[in-house]
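# Understanding the architecture of this molecule
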Amino acid sequence: MRTVTYLKGRADADVTRLAAVSRGELNAVLLHAAALDESIRQVALVDPLLSWSSIVLNEYYAPKYVPHAVAGSLGRYDLADLACTLAPRKLLVLGLVDEMGRQAPSELIDAEFAHVRAAYAAIPGASRALDVRPVREKEDLGLMLAAWFRQ
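Residues numbered from 1 in each chain as written. Predicted model: local features only at pLDDT ≥ 70, side-chain atom pairs only at ≥ 80, totals over all residues. Heavy atoms only, no water.

## Let's talk about the environment of Ala 129
Note that Ala 129 resides in the loop between helix H5 (106–121) and strand S4 (130–133). What makes Ala 129 buried here is its relative accessible area of 11%. Excluding residues that lie within four positions of it along the chain, Ala 129 makes contacts with Pro 88, Arg 89, Lys 90, Leu 91 and Tyr 120. (Helix = DSSP H or I, 4+ residues; strand = E, 2+ residues; numbered from the N terminus. Buried < 20%, exposed > 50% of the residue type's maximum accessible area, 1.4 Å probe, protein only. Contact = heavy atoms within 4.5 Å.)

Following this line, the structure appears as structure tokens:
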């Protein structure tokens, strides 16, 4: 959010087109920032954790996700709920992972993101802004993200 504030203060920055990319455990941080600041118009999450509840509900998990979890939040929201708040802004979710950092099964992705898809579908024309890709392709990540942001 400090970066957004900094950019808003620069005369040479086009703050109507702010976009952000995060990877791995920092995806939760970007989701919170974008949920709180609507000037972040496009968000790309690379290898995001499917949900905080997956950590709570499983005996084994990758500890790297814990420092970015918000204590007590599961009683109110999970990561997909934050994603809902971004509608109708552009959101790319690329290569979702489970609590161990492994590729998440498509049935879990479909279940977890059903209400995200519904939130986007409820806004006319917003369905095109949501792009959930369960597996990250072998293509160059930088080129793929640049193409997605230009769309």
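## Things to note about the environment of Leu 141
For Leu 141, the position within the fold is in helix H6 (residues 141–150). Taking the C-alpha atoms as reference, Leu 141 lies 30 Å from Gly 9; in sequence the two are 132 residues apart. Apart from residues no more than four positions distant in its own chain, Leu 141 is found in contact with Arg 23, Val 46, Leu 94 and Arg 136.

## Side note on the packing of aromatic side chains
Tallied over the entire structure, the rule returns two aromatic pairs. Geometrically, the ring pair formed by Trp 52 and Tyr 77 is tilted, given 6.0 Å between the ring centres and 55 degrees between the ring planes. Of this pair, Trp 52 sits in the loop between strand S2 (40–46) and helix H3 (53–56) while Tyr 77 sits in the loop between H3 and helix H4 (79–84), placing them 25 residues apart in sequence. Residue Tyr 77 is classed as partly exposed on the basis of its relative accessible area of 22%. Arranged with centres 4.9 Å apart and planes meeting at 70 degrees, the rings of Trp 148 and Phe 149 form a pair that is edge-to-face. Taking the ring centre of Trp 148 as reference, the NZ or CZ of Lys 90 above it sits at 4.4 Å. (Phe/Tyr/Trp six-rings, centres within 6.5 Å; stacked < 30°, edge-to-face > 60°. Lys NZ or Arg CZ within 6 Å of the ring centre and 35° of its normal.)

## Brief notes about empty space enclosed by the protein
Under the counting rule described, the total for this entry stands at one cavity of 30 Å³ or more. The wall of the largest cavity is formed by 18 residues, among which Asn 27, Ala 28, Pro 48, Leu 49 and Leu 79 lie closest to the centre. When contributions to the lining of the largest cavity are tallied by element, the ones reaching two or more residues are helix H2 (27–36) and H4. Residues belonging to the lining of the largest cavity are distributed by class as follows: 14 nonpolar, three polar and one charged. (1 Å grid on protein atoms, 1.4 Å probe; cavity = no way out; pocket = protein on both sides within 12 Å on 5 of 7 lines; lining within 4 Å. Points joined across faces, edges and corners; volume = space filled by probe spheres on them. Nonpolar A, V, L, I, M, F, W, Y, C, P; charged D, E, K, R; others polar.)

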